[in-house]
Amino acid sequence: MQLHQYDSSSDIFNEFRINCEKCRGLCCVALYFSKFDGFPSDKVSGTPCHNLDSDFCCSIHSELYSKQMKGCLAYDCFGAGQIVASLYEPGDWRSNSQIAQEIFEVFIKVFHLQQILWYLSEILTLMPAKTLWKKTSIYIDELHILIQSSPKDILNFDIEELRTKVNPLLKEAGELVKREVCHTNREIKKKDFIGHNFKKSKLDGYNFSSALLIAANLESCSLTGSNFIGADLRDTNIKNADLRESIFLTQGQINAAKGNKNTRIPKHLIRPLSWM
Ligand code: SF4
Ligand code: SF4
């Protein structure tokens, strides 16, 4: 069953592809991260990672896989890095400490805006959610205007208010997809599936939104129309799984999961190089 439909004349997901060469290592500075989550050390927000070079490149980039830096390998900013870098002069957070804090705050805000935009953009590819396309396009246009405005406008923008408007739309899109895929109730109240073994199950239309699927086994599962919005897929085994028509998956989730050459993913996501 095909649920996604892509416009062959333009790639609406292009704006979300990370372009680290046009950024200045923003995620490696602005974010709080910990060794436990697969980053090189525990560090606070606003402090550069000790592996970040003066040219804003990662000094251990080619070794991230062998050193098992899972957090670094999985992280994806939805293109927020290059957007924020373009809002400031090439004089950056290193040479202009006065505005460094502002840059980091804008980056975190744009990350959340881009994440919402990503989900809204996916609605525009979901055929069962066609009735929502017009309303969704209005939000997308408004967000594009905001992101191209000024850092001050971005900082003053109320993201929580936006979420209260957008979340029902995402929920409705998920329901419309589920109705298309299955006619039985596939609502699951349980959200903790850490280490759970689903191997070879037919999980089409299941709602895994916000579920903890850390190290769960989804090997060889069928997941058409399954909703993964906000699910934690760190170390989730998706070898030989069919996720082509799963919905609300992000690049960060795919990067964090364990797939192989037989794992099938939606066309708008990029297959991690490490999947043999
Ligand atoms: S913030 Fe995004 S674009 Fe910048 S270095 Fe990190 S992943 Fe790359
Ligand atoms: S190890 Fe490299 S990619 Fe990871 S946070 Fe540090 S500089 Fe960034």
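Criteria and cut-off values
- Residues numbered from 1 in each chain as written.
- Chains lettered and ligands numbered in written order.
- Predicted model: local features only at pLDDT ≥ 70, side-chain atom pairs only at ≥ 80, totals over all residues.
- Heavy atoms only, no water.
- Axes fitted to C-alpha atoms, helices over the stretch in contact; angles between N-to-C directions.
- Helix = DSSP H or I, 4+ residues; strand = E, 2+ residues; numbered from the N terminus.
- Parallel < 35°, antiparallel > 145°, perpendicular 65-115°, else oblique.
- Left-handed = near helix turned anticlockwise from the far one by under 90°.
- Contact = heavy atoms within 4.5 Å.
- Nonpolar A, V, L, I, M, F, W, Y, C, P; charged D, E, K, R; others polar.
- Near = heavy atom within 4 Å.
- Phe/Tyr/Trp six-rings, centres within 6.5 Å; stacked < 30°, edge-to-face > 60°.
- Buried < 20%, exposed > 50% of the residue type's maximum accessible area, 1.4 Å probe, protein only.
- Salt bridge = Lys/Arg side-chain N within 4 Å of Asp/Glu carboxyl O.

## What about the packing of helix α4 (residues 97–123) against helix α5 (residues 133–147)?
In the contact formed by α4 and α5, the axes pass within 10 Å of each other and the chain directions differ by 150°. The orientation of α4 relative to α5 falls into the category roughly antiparallel. Handedness of the α4/α5 crossing: left-handed. Counting all contacts with α4, which are made through L113, Q114, I116, L117, L120, S121 and I123, the residues of α5 involved are W133, T136, Y139, I140, L143, H144, L146 and I147. Looking at the contact of α4 with α5 residue by residue, the classes come out as eleven nonpolar, four polar and no charged.

## Focus on the site of ligand 1
N19, C20, C23, C27, C77, G81, Q82 and F107 make up every residue found near ligand 1. Looking at the shell around ligand 1 residue by residue, the class counts come to five nonpolar, three polar and no charged.

## A few points about the packing of aromatic side chains
Under the definition given, this model contains 15 aromatic pairs. Plain terms: the ring middles of F13 and W118 are 4.9 Å apart, the flat faces sit at 65° to each other, and that makes the pair edge-to-face. On the criterion of sequence distance, the pair formed by F13 in the segment before α1 (27–30) and W118 in helix α4 is long-range, its members being 105 residues apart. Take F13 and W118: they sit in the same class, and that class is buried. Here the aromatic rings of F16 and W118 are separated by 5.3 Å at their centres, their planes lie at 80°, and the arrangement is edge-to-face. Remark: W118 occurs in helix α4 and F16 occurs in the segment before α1; sequence separation between them is 102 residues. Per residue, the accessibility class of F16 equals that of W118, and both read buried.

## Topic: the pattern of salt bridges
Tallied over the entire structure, the rule returns eleven salt bridges. Between D11 and R17 there is a salt bridge, with the nearest N and O atoms lying 3.4 Å from each other. The exposure class assigned to D11 is partly exposed, which follows from its relative accessible area of 42%. Here R17 falls in the partly exposed class, since its relative accessible area comes to 22%.

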